[in-house]
Amino acid sequence: MKRIIDTEQLNITGARIKQARVRAGLSQQQLSDQLELLAVYTCRGSVSRIENGRRAVTDIELDAISKVLNVSLDFLFGRE
């Protein structure tokens, strides 16, 4: 199957997630813990890989991340 994204990056939101997380003053572990409270189980290592573009991120994870970090999905996708 041909890749949709023609780069080594596996997501396009990782850098924005990291930016919002740092701005919110949360560590990767704290973000992971907050996601778990929303029943989204994403370990600290997965958060790191998402931020570095080495792991794809699901729509459920993106929705929860936007809620925890109090940013819009448009922000995470770089549309604002």
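This structure is a prediction, so every number in the text was calculated from the model and none was measured.

**As for the overall build of the chain**
Now for step 1: Check the secondary structure of the chain and you find five helices and zero strands.
Now for step 2: The helix and strand sequence of the chain, counted from the amino end, reads α-α-α-α-α.
Now for step 3: Its C-alpha atoms put the chain at 35 × 25 × 20 Å along the principal axes.
Now for step 4: Going through the 80 residues of the chain one by one, you find that 36% of them count as buried.
Now for step 5: Taken together, the 12 basic and 10 acidic charged side chains of the chain have centroids lying 5 Å from each other.

**A short note on the packing of helix α1 (residues 14–23) against helix α4 (residues 59–69)**
Now for step 1: With their axes 10 Å apart at the nearest point, α1 and α4 run at an angle of 25° to one another. The angle between α1 and α4 falls in the class roughly parallel. The two elements α1 and α4 cross, and the hand of that crossing is left-handed. Contact residues: α1 offers Ile17, Ala20 and Arg21, while α4 offers Leu62, Ile65 and Leu69.

**Quick look at α4**
Now for step 1: Burial in α4 covers these residues: Glu61, Leu62, Ala64, Ile65, Ser66 and Leu69.
Now for step 2: In this structure, the buried residues of α4 make contact with α1, α2 (28–37), α3 (44–51) and α5 (73–76).
Now for step 3: Following α4 by one or two positions, Asn70 has its phi on the positive side, about 55°.

**With respect to unusual backbone geometry**
Now for step 1: One non-glycine residue, Ala39, lies in positive phi territory at about 65°.
Now for step 2: Among the structural elements, Ala39 can be located in the loop between α2 and α3.
Now for step 3: At Asn70, a residue that is not glycine, the phi angle is positive and equals roughly 55°.
Now for step 4: Residue placement: Asn70 occurs in the loop between α4 and α5.

**Thoughts on the packing of aromatic side chains**
Now for step 1: This structure, assessed with the given rule, holds zero aromatic pairs.
Now for step 2: Here the guanidinium or amino end of Arg16 rests over the ring plane of Phe75, the centre of that ring lying 4.5 Å away.

**Description of the environment of Asp59**
Now for step 1: Residue position: Asp59 is located in helix α4.
Now for step 2: When the C-alpha atoms of Asp59 and Cys43 are compared, they prove to be 16 Å apart, with 16 residues separating the residues in sequence.

What counts and what doesn't
Numbering of residues begins from 1 in every chain and follows the order in which that chain's sequence is written. Only residues with pLDDT of at least 70 are given local features in this predicted model, and only at 80 or more are side-chain atom pairs given and counted; all residues enter the totals for whole chains, interfaces and linings. Calculated side-chain values reflect all of the structure's heavy atoms, with hydrogen atoms and water omitted. Segments assigned H or I by DSSP are reported as helices when at least four residues long, segments assigned E as strands when at least two residues long, and all are numbered from the N terminus. In this scheme, a residue with accessible area under 20% of its type's maximum is buried, one over 50% is exposed, and one in between is partly exposed, where area comes from a 1.4 Å probe on protein chains only. None of His or the chain ends enter the tally, which takes Lys and Arg as positive and Asp and Glu as negative. Where a charge lies is defined by one atom per residue type, namely NZ (Lys), CZ (Arg), CG (Asp) and CD (Glu). Axis angles are defined between N-to-C directions and span 0 to 180 degrees, where every axis is a line fitted to C-alpha atoms and, for a helix, only to the segment in contact. Working rule for angles: under 35 degrees goes down as roughly parallel, over 145 as roughly antiparallel, 65 to 115 as roughly perpendicular, anything else as oblique. Handedness of a helix crossing follows the sense of rotation of the near helix relative to the far helix, less than a right angle counterclockwise being left-handed and clockwise being right-handed. Residue contacts are defined here by distance: any two heavy atoms, one from each residue, within 4.5 Å place the two residues in contact. In this analysis, rings of Phe, Tyr and Trp, with Trp reduced to its six-membered ring, are considered paired at centre separations within 6.5 Å, and the interplanar angle assigns stacked below 30 degrees, edge-to-face beyond 60, and tilted for intermediate values. Only when the NZ atom of a Lys or the CZ atom of an Arg is both within 6 Å of the ring centre and within 35 degrees of the ring normal do we say a charge sits over the ring.

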